[in-house]
Structure formats: C-alpha cells, structure tokens
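Inside the fold
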Amino acid sequence: MTTARAAAIILAKELRLEFRTRELLNATVIFSLIVVVLFSFAFEPTAAESRRYGPGLLWIAFLFAGSLMLHPSFSREQTNSTLDALRMAPISSFSILLGKMLANFVFLSLAEIVVVPVFSVLYNVSLTGVVARLILVLVLGTLGLVITGTVFSAVSAHARMRELLLPILLLPILAPLLIAAVEATASLLTDEPSHFGTWVAFLAGFDVVFMTVSWLLCDYLVEE
Amino acid sequence: MKLRFVGTIAAALLIMFAGYAALFIAPEERTMHEIQRIFYFHLASWITSFTAFFIAFVANAAYLATRRAKWDWLGVAGAEVGVACCTIGLITGPLWARPVWGIWWTWDARLTTTFILWLLYISYLLLRGLIEDPQRRATLSAIYGVFAFLDVPLVYMANRLWRTQHPQPVILGGSGSGLDPVMSKVLLVCVIASFGVMTLGFLDRYRLEQLRHECEELRQEVESRAIESQSISKKGQT
Amino acid sequence: MAASSTNLAPATRSVGLRFERVEKRFGSLWALRGVSLQIHAGEFVALLGPNGAGKTTLLRIAALLMSPTSGIVQFAALEPQNSKVTFDGPPGTTEMQPLGAKRVIGMVGHNTLVYDELTAVENLTLFAQLYGLDDVAARVATSIEACGLASRGDSVVRTFSRGMRQRLSIARALLHDPRLLLLDEPAAGLDRQGLAWFGATLERLRVDGCTVLMSTHARNESLDLATRAVSIASGRIEQDSGTGGDPRPLLAVLRAEA
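On a predicted model such as this, the values are computed, not experimentally measured, just so you know. Residue positions are given per chain, counted from 1 along the sequence in the order it is written. Numbering of ligands from 1 and lettering of chains from A proceed in the order in which they are written. Residues qualify for local features only when their pLDDT is at least 70, as the model is predicted, and side-chain atom pairs are given and counted only at 80 or more; totals for whole chains, interfaces and linings, by contrast, use all residues.

**Side note on the overall build of chain C**
Secondary structure counts use DSSP, requiring at least four H or I residues in a row for a helix and at least two E residues in a row for a strand, with both numbered from the N terminus. Scanning chain C from terminus to terminus reveals seven helices and 10 strands. A separation of at least 24 residues holds for 68% of the contacts in chain C among residues at least 6 apart in sequence. Any two residues are considered in contact once their C-beta atoms, placed from the backbone, lie within 7 Å.

Next comes the structure, spelled out in structure tokens:
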C-alpha cells in the first residue's frame, strides 16, 4: 500500500470522526470569530488602517485558533490506544502523520472560509481582485501551520498540560510564517509596493523545510 | 577531580580578569563612553549562547540517530547553558541600548532572532519538565530541539526580508567595525573567558544529568531485587 | 511460493516467531531480560506469569509496537509441510520484513483498539482498508456476522457494552486473516455468548495452522487448546514445556496457584 493511499484512508477516518460531532470545528470557527471581533473593541481602525493592520489580526486569529485546535490530533488516539492499532497496520508512520496533517488542513481551511469574509465585512476591507492570490497565501500559510502543529500535537500528547503546551511550543516556531503570511496578505490589500512573490516563495520554503524534517523524523514521532 | 578543580579556578580567574580588563584596561569609547564597556560581555554572551544551542542541536540529532542517553544529557546541558547566556545577552542589550540610542529594544533581525531563540529553548526546557518517562522525554524533546534550531535561520531570513522592505533607522552598527586594537584584545579575552564559564556549565550540567540517571538505575535495581527476594521467600513458603 | 518478503502467497499459511536474547528496559526498569524463545508455526503457546512479569511487553514487541532495547526479533513464513521454524534459511522459509510481518499479525490487547465514535462497521471497514484487503464490504459483513454484532453494526461503539466491545476488538484482530495471533487477556469482559464464539474461533484457527501466543493468568478454558506452556517472571522465562512437549503439568501447577 502506498503512503498516499494509506494517508487518504486515514484522512477519511479523521474527517468522518470530526464531522460526526463537529465539536472541534465549531469551536475553532467561533474562537476565530471572537478574536476578530474583540480586536474591533480594542481599537476602531479606519478603512486604511484596517487594510494595513487587518492581515496581522487575521493571521493571529488563525494561529491562536489553530494551535488550540490541533492538539486532539494525537491525544485523541490515546483513547482505547487506537494509535497502536494504526501502528500495527502495514502502513508507514509517515502516512499516519500525513493523513492527520491533511485532515487538520481541511478543518482549518473551513474555519478560514467562514472567518475571512466576516473579517472583510466587519473591517470594510475589499477583497475583489485579490481572491485567487489571497487563497494562495492562505493555503501556504495554513499548510505551514498544520505541518508543524500536527508534529507538535504528537510531541505534546505524552506530556502533562498538553493543551497549553502545544501553543507554547508552536507559536515561537511559527514566527517566520506569521511575518511572511502577514506581509503577503498586506501586500494584496494595501497600495504599498508589492513583494508578494518573495513572501509567497518564503512561505513555500518554510513548508518544504518542515515537511522534510517531519518526514525524516516521523518514525520517532509515532513510536511508543 | 583535580583537573576539574584546577579548571574551575582557572575559569574563575579568567572571567575576573576579563571583567577587570573590560572595566579598566579597555580605553574609553569616544561616543558612548563608559556604558560601552558592557559590549564586551554582551557580544561574548551571544557567541556562547549560540554555540551552546548549536551543540544542543547536534546532540539532539545524535540522540535520535543513536539513542544513547549521553546525547540527551548533552542536549539538555546545551539548552540550559544557552538559555542562561542568552538571558545575559537579552539583559545587557537593552541596558546598553537605552542610554546610547534612547530606546530599550528594537525588532531588528538579530534581536528578534535572539529573542525567539530564547523562547524556543525555554519551551524546550518546559517540555522536558512535563514528560515523566525518561526515554520519551529524550526522544520528544530531541525532535522539538531539531525543529527549533532549524527555525532560527528562517526567523532571521524573514526579519531581514521584512527589514529590506521597511527600512528602519540603522541603530546597531556592525559590532566589529573598526575596533581599536586594545578593544579587540579585551573582546577576545572576554569571549575566551565566557567560553570557559560556558564549558564549566556544560560539564556540570552534563554530570548532574548523568548522576540523576545513575541514581535512578540504582533505585530500580534495589526495587527489583526487593521484589525478587520477596517472591523467592513466598515460593519457599508454599 | 512467495519469494518476496512483503507478499504472502496463499499457500504459505504458517508463521513462526523467534526472540533471541531480547531485552527491554523502560528508563531504569528492566521489563524483559535475556528472553530467548522460538515459536514454531502452528504452535499454540500459553504465556503465563504474574502481573508485571513482562508478558504484555513481550507481546507488544512481537506485535512490532516497540523495538527491543537489545536482541533480535524475527518472523518467518513457512510452507505448510515445514512446521519447524529454522531461521537459518533452508528452502521453504522466508524471513519477513516488518511491513510484511504486520500484514499477518493480529493482536488483541488490554485496550479495545477501536474508535468509540465510529460504528462497528466503520471501524472494521477502516482496518480492512488499512490492511489492503480485497472486497472490503464482504469481509466486513462476514466478520460482523461471525462475532454476533450484525444487529448493532451501525451503532457507534460508544453505545456498546463491555462484552460487545471486546468482541469487536477480537473481530478487528482477526479481520485480515492473521497467521500469528497475539492475545493479551483476550477473554476479559466477554459475556457467555462471546466466550463461546471466541473458543470456537480459536479452535478453528488452531486447526487451520495459525500460530497463537496467548497471555493469561486466570483460569481460562481456552488453555485447553494450548500445545505449549511458557511461564515468565521478572522479565525472564522460567519454565517452558517445549515444542512437542506436554503443557498440561505446567498448566496444572499454574492453575493451582491462581
């Protein structure tokens, strides 16, 4: 069985599990919305300021929501030792990791699909003409987030205080991703000279680096 | 043991001499005057902390490759020593910056990278504190350590890219640019002395971890022998 | 005949297992010390010993859930007429690589190894797919019928009783027609109907040439099927009735102690 096929089976399982209860998904969307709304209480930006600072707010919301939502990825598998069942199956450990990464990508993307239009409306930021490129930034940024986040979910699953530990481990690592994603998004929304290409390339590089490291270390992550 | 004692005394003397040199031998700097003297230890602390973190990274990778406990001990020693040196750097930096440039802090590439580095290894130590099982602790923290260290160049790059697009007034000039020869020598002494202290820190922390490991082994051996003798005496009774 | 070590041709129906000087430590705790054990194809080995003796660790290492700290674990696939495992490579034996071995190993452990929020059918379908089985739907239907859960097939496992969960757990382990069955207290929690089904299933597997390694410390009727008894204590093998030997004296002693 190829890694891709096994990962697809696991992805289907993760999706089925989550869509049955939808608890995590709902919580992620609601939390992101709360962060976005709360910011508007903190300061009332003008339309121009929204375009400049809005991307930062948006990505902070996703980072926070993501880091809270990612921990059940592996900690959920401790119930009934289902991770053992996956490890005993004739599949590679990378396929387990990859399947979960893809599932987390889907969940976070769904939250983004809800939050981005809401943000655009609340802060009067027009997205016309930049939708395709915005989606590109969102995809690359979210990928980086779920790649590292899923790995750290596996790391923190065996530790105490793992709900709090995951954000603590994850957020510093994502600092470069945050900078790149915010700059790329801002360059789409403001009139400043655009370095969109540079930042997108950086995001892609970030994703490649950490996907490679995850692949190299996946056996250690998934082992007993 | 004697070597350790001699080494400790030597390192202590060296650092005291370095302090003296920084305060009295080095000439007064033209524009910044006395406060500039902190620069010797500031730069030295940054060099030692980065070295310590690099050693920790190598140790983490080596542990994953070999699963020998000594690499785990070296890894945690590197992280702790690195965090200590980095803390010194992060404190001396603002102390120097404030009187000279009027600000405590700025988010340039170097400072940001240093701060993130500090956060990453603090998180590493936190992670270790929260995992009970020694083998798991070693494996999982090694994985995190590898990720953390590989993140550092990315942080630096992201910041540099950002800086090229949002030019800020240049505040921290090149630290090695046009240094007076006496100053260079003092700097060298400070760096060597700091490395001496760093090495001591490494050795002590490594030894501490090694002793903890041995203690735990002895305790387990005692326990298992107690259990065995209990079961033997039980068998004797039946 | 399977020359490749990742695909077992149907004709190869037997798997042997060898532990050589296997040691396992957790931190400073030694769970297994110098365990050497050769289990031949088709043997039904009862693994006995008190709690903490190392039975679970041994089974988990055999299931490839963890690697030993030192020592060798080997699996070999054999032609039916060769019942004695020789790992030194005479014709008819193929040493199996981990991925190939996993394909033919089934385990029932302390935990149920099924997802509470999926239905019984969904659980079995998932594992049928992960094990690369052909005709998944039919295999799952047969399995769920056999373990007596057909009427509750579309209920989530969370609603199952203890006995039903254990039955599903066993069904999961048997789904891919394993040739090496590792059982850690498999009868725990089974109701009377489940016990009957389990006993009949074990009997059928033994006749079919499946190699079984079962750990238990209670009086268990299934022990009657055992062809060999091995007792383990403090991480070491104490007594072994041996291949072709009589396990009953050892079983009787251990039953008396229980």
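**Some details on the interface of chain C and chain A**
Across the contact, 25 residues belong to chain C and 20 residues belong to chain A. Contributions of two or more residues to the side of chain C that touches chain A are made by α2 (98–104), β6 (105–108) and α3 (120–130) of chain C. Among the elements that make up the side of chain C that touches chain A, the one with the highest residue count is α3 of chain C (five residues). In this classification, the charged set is Asp, Glu, Lys and Arg, the nonpolar set is Ala, Val, Leu, Ile, Met, Phe, Trp, Tyr, Cys and Pro, and all remaining amino acids, among them Gly, are polar. Here the side of chain C that touches chain A is composed, by residue class, of 15 nonpolar, five polar and five charged.

**Overview of the sheet that holds strand β9 (residues 228–233) of chain C**
Residue and element names in this part refer to chain C. The criterion for strand pairing is that DSSP finds at least two bridges linking the strands in question. What the six strands build is an open sheet, ordered β6-β7-β8-β3-β9-β10; its pairing is mixed. Each edge of the open sheet carries a strand with a single partner, namely β6 and β10 (236–240). The average angle at which neighbouring strand axes cross in this sheet is 20°, direction not considered. Bridging between strand β3 (residues 44–48) and β9 involves four bridges; their strand directions are parallel. Paired with Val45 across the two strands is Arg228, which belongs to β9. Angles run from 0 to 180 degrees between N-to-C directions of axes, and those axes are lines fitted to C-alpha atoms, restricted for helices to the stretch in contact. Against the sheet, helix α1 (residues 55–62) touches β3, β7 (180–184), β8 (211–215) and β9, its axis set at about 150° to β8.

**Some thoughts on the interface of chain A and chain B**
With 24 residues of chain A at the interface, the matching set in chain B holds 25 residues. Secondary-structure elements contributing two or more residues to the side of chain A that touches chain B are α8 (162–173), α9 (175–189) and α10 (196–222) of chain A. The residue inventory of the side of chain A that touches chain B, partitioned by class, reads 19 nonpolar, three polar and two charged.

**Some remarks on the nonpolar core**
To count as a nonpolar core, a set of buried Ala, Val, Leu, Ile, Met, Phe, Trp, Tyr and Cys residues must be joined through C-beta atoms within 7 Å. Whether a residue is buried, exposed or partly exposed follows from its count of other C-beta atoms within 10 Å of its own C-beta, namely 20 or more, 12 or fewer, or something in between, respectively; the C-beta atoms are built from the backbone. Membership of the largest hydrophobic core comes to 206 residues, with the highest contact counts inside it found for Ala180 and Leu203 of chain A, Cys190 of chain B together with Leu182 of chain C. Top element by residues in this core is helix α5 (residues 134–165) of chain B. It accounts for 15 residues.

**Quick look at the confidence of the model for chain C**
All names here are of chain C. Mean pLDDT over chain C: 83, with 85% of residues reaching 70 or higher. Scored below 50 in pLDDT, residues 1–12 shows 24 contacts in the model against residues more than four places distant or in partner chains. Segment residues 85–91: pLDDT under 50, and 12 contacts once partners within four positions in sequence are set aside and those in other chains are kept. Overall fold confidence (pTM) sits at 0.88, and the ipTM for the predicted complex is 0.89. By definition, pLDDT measures how confident the predictor is in each residue, and it falls between 0 and 100.

**Observations regarding the pairing of strand β1 (residues 14–26) of chain C**
Residue and element names in this part refer to chain C. As defined by bridge partners, β1 adjoins strand β4 (residues 70–78) across eight bridges and the pair is classed as antiparallel. Pairing of Gly16 across the sheet is with Ala76, part of β4. Relative to strand β2 (residues 29–39), β1 runs antiparallel, the two being bridged by seven bridges. What sits directly across from Val22, in β2, is Val35. Counting the residues between successive antiparallel strands, the hairpin from β1 to β2 contains two residues, one of them, Gly27, with a positive phi of roughly 65°.

**Some points on unusual backbone geometry**
Non-glycine residue Arg22 of chain A carries a positive phi angle of around 60°. Of note, the phi angle at Arg67 of chain B is positive, near 60°, even though the residue is not glycine. Examined against the element boundaries, Arg67 of chain B turns out to sit in the loop between α2 (38–66) and α3 (69–101).

**A few points about the packing of α9 of chain A against α10 of chain A**
Residue and element names in this part refer to chain A. Contact geometry for α9 and α10: axes closest at 9 Å, N-to-C directions at 150°. Regarding the angle of α9 to α10, the classification is roughly antiparallel. As α9 packs across α10, the resulting crossing turns out to be left-handed. Judged by residue contacts, Pro176, Leu177, Ala180, Ala181, Glu183, Ala184, Ser187 and Leu188 of α9 engage Phe196, Trp199, Val200, Phe202, Leu203 and Phe206 from α10. Among the residues forming the contact of α9 with α10, the class breakdown is 12 nonpolar, one polar and one charged. Each angle receives one of four descriptions, namely roughly parallel if under 35 degrees, roughly antiparallel if over 145, roughly perpendicular if within 65 to 115, and oblique otherwise. Take the far helix as your reference; a near helix turned counterclockwise from it by less than a right angle gives a left-handed crossing, and one turned clockwise gives a right-handed crossing.

**What to know about the packing of helix α7 (residues 131–156) of chain A against α8 of chain A**
Residues and elements named next belong to chain A. Where α7 contacts α8, the two axes come as close as 9 Å, and the packing angle between them is 140°. By the angle class used here, α7 and α8 are oblique. Handedness of the α7/α8 crossing: right-handed. The segment α7 lies against α8, with Thr148, Gly149, Phe152, Ser153, Val155 and Ser156 engaging Arg162, Leu165, Leu166, Leu169, Leu170 and Ile173.

**Here we look at helix α1 (residues 3–21) of chain A**
Think of an α-helix as 3.6 residues a turn; residues three or four steps apart then line up on the same face. In this model, α1 of chain A (19 residues) spans 28 Å end to end at C-alpha, consistent with the 27 Å of a helix rising 1.5 Å per residue. The complete set of buried residues in α1 of chain A reads Ala6, Ala7, Ile9, Ile10, Leu11, Lys13, Glu14 and Glu18 of chain A. Turning to α1 of chain A, the residues buried within the fold contact α2 (23–42) and α6 (93–122) of chain A together with α3 of chain C. With its phi angle positive at about 60°, Arg22 of chain A sits one or two positions after the end of α1 of chain A. Between the first and last residue of a helix there are one fewer steps than residues, each counted as 1.5 Å, and that sum is the expected span.

**Regarding the pairing of β9 of chain C**
Within a regular beta strand, the side chains point alternately toward one face of the sheet and then the other, so they alternate between its two faces. Residue and element names in this part refer to chain C. Burial within β9 is extensive, with five of its six residues counted as buried. Taken together, the four bridges between β9 and β10 define a ladder with antiparallel strand orientation. Bridging from a neighbouring strand, Ser231 pairs with Gln239 of β10. Between the end of β9 and the start of β10, which pair antiparallel, lie two residues, with Ser234 showing a positive phi angle near 50°.

**Thoughts on the environment of Ala187 of chain C**
Locating Ala187 of chain C in the fold gives a position in the loop between β7 and α6 (192–208). Placed 11 residues apart in sequence, Ala187 of chain C and Phe198 of chain C show a C-alpha to C-alpha distance of 7.8 Å.

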